[in-house]
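Structural overview
Each chain, letter by letter, is given below.
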Amino acid sequence: QVQLAESGGGVVQVGDSLRLSCAASGRTFGTYDMGWFRQAAGMEREFVAGIRWSGGNTKYADSVNGRFTISRDNAKNTVYLQMNSLKPEDTAIYYCAADSTNWRRPVDGSVWVYWGQGAQVAVSS
């Protein structure tokens, strides 16, 4: 069992940066792929970014590619999402996910086993 806790959300202005963190419990963090999803009000949950257990492979949604960076520190059991050049359409609840059962389809939320409670990000114009 893995428990995930997101932090770092908040209210920012257009063009600002924000870094989300996701701390995981358990001693097997280093064996899990990790991901970030988001859900805006009235919208379906969507994939944002994913990173392999080794940190050697990352994937991004087209909407954030070049602005967001996912990284991990296995010694700290933590995965990060650095968000730059934020836009109003980035406003959403951001969720951390762990243990992808199919890295070829990370955009599919059903392949992820563990989920955090979410962190709110609001970008005002």
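As the structure is a prediction and not an experimental result, all values here were calculated from the model.

1. Some points on the overall build of the chain
Counting secondary structure elements, the chain contains 0 helices and 11 strands. The order of α-helices and β-strands along the chain, N terminus first, is β-β-β-β-β-β-β-β-β-β-β. For a compact globule of 125 residues, the expected C-alpha radius of gyration is about 14 Å, and the chain comes in at 13 Å, within 12% of that figure. Expressed as lengths along the three principal axes of its C-alpha atoms, the size of the chain is roughly 40 × 25 × 25 Å. Burial statistics for the chain: of 125 residues in total, 43% are counted as buried. Contacts in the chain between residues far apart in sequence, at least 24 positions, make up 57% of those at least 6 positions apart. Split by element, the accessible area of the chain, about 6,400 Å² in all, is 45% carbon and sulfur.

2. Regarding the state of the cysteines
In total, this model carries 1 disulfide according to the counting rule given. Covalent S-S linkage joins Cys-22 and Cys-96, the inter-sulfur distance amounting to 2.1 Å. Looking down the S-S bond of the Cys-22 and Cys-96 bridge, the torsion is -80 degrees, so its handedness is left-handed. One end of the pair, Cys-22, is in strand 3 (residues 18-24); the other, Cys-96, is in strand 9 (residues 92-100), with 74 residues separating them in the sequence. Overall, the relative accessible area of 0% leaves Cys-22 in the buried class.

3. Some remarks on the side chain of Glu-6
Looking at where Glu-6 falls in the secondary structure, it is placed in strand 1 (residues 4-7). Despite being buried, Glu-6 has no salt bridge partner; Arg-45 is the closest side chain of opposite charge, sitting 9.8 Å away. Of note is the side chain of Glu-6, whose polar atom sits 3.1 Å from the backbone nitrogen of Gln-117. Here the side chain of Glu-6 touches Gly-118 through a polar contact of 2.9 Å, landing on its backbone nitrogen. What Glu-6 contacts, discounting residues up to four positions off in sequence, is Ser-21, Cys-22, Trp-36, Tyr-94, Tyr-95, Cys-96, Gly-116, Gln-117, Gly-118 and Ala-119.

Definitions and cut-offs
Residues numbered from 1 in each chain as written. Predicted model: local features only at pLDDT ≥ 70, side-chain atom pairs only at ≥ 80, totals over all residues. Heavy atoms only, no water. Helix = DSSP H or I, 4+ residues; strand = E, 2+ residues; numbered from the N terminus. Rg over C-alpha atoms; globule rule 2.2 N^0.38 Å. Buried < 20%, exposed > 50% of the residue type's maximum accessible area, 1.4 Å probe, protein only. Contact = heavy atoms within 4.5 Å. Areas by Shrake-Rupley, 256 points an atom, 1.4 Å probe, with all protein chains shown as cover. Disulfide = S-S within 2.5 Å. Lys, Arg positive; Asp, Glu negative; His and termini not counted. Salt bridge = Lys/Arg side-chain N within 4 Å of Asp/Glu carboxyl O. Polar contact = N/O pair within 3.5 Å; in protein donor to acceptor, adjacent residues only side chain to side chain.

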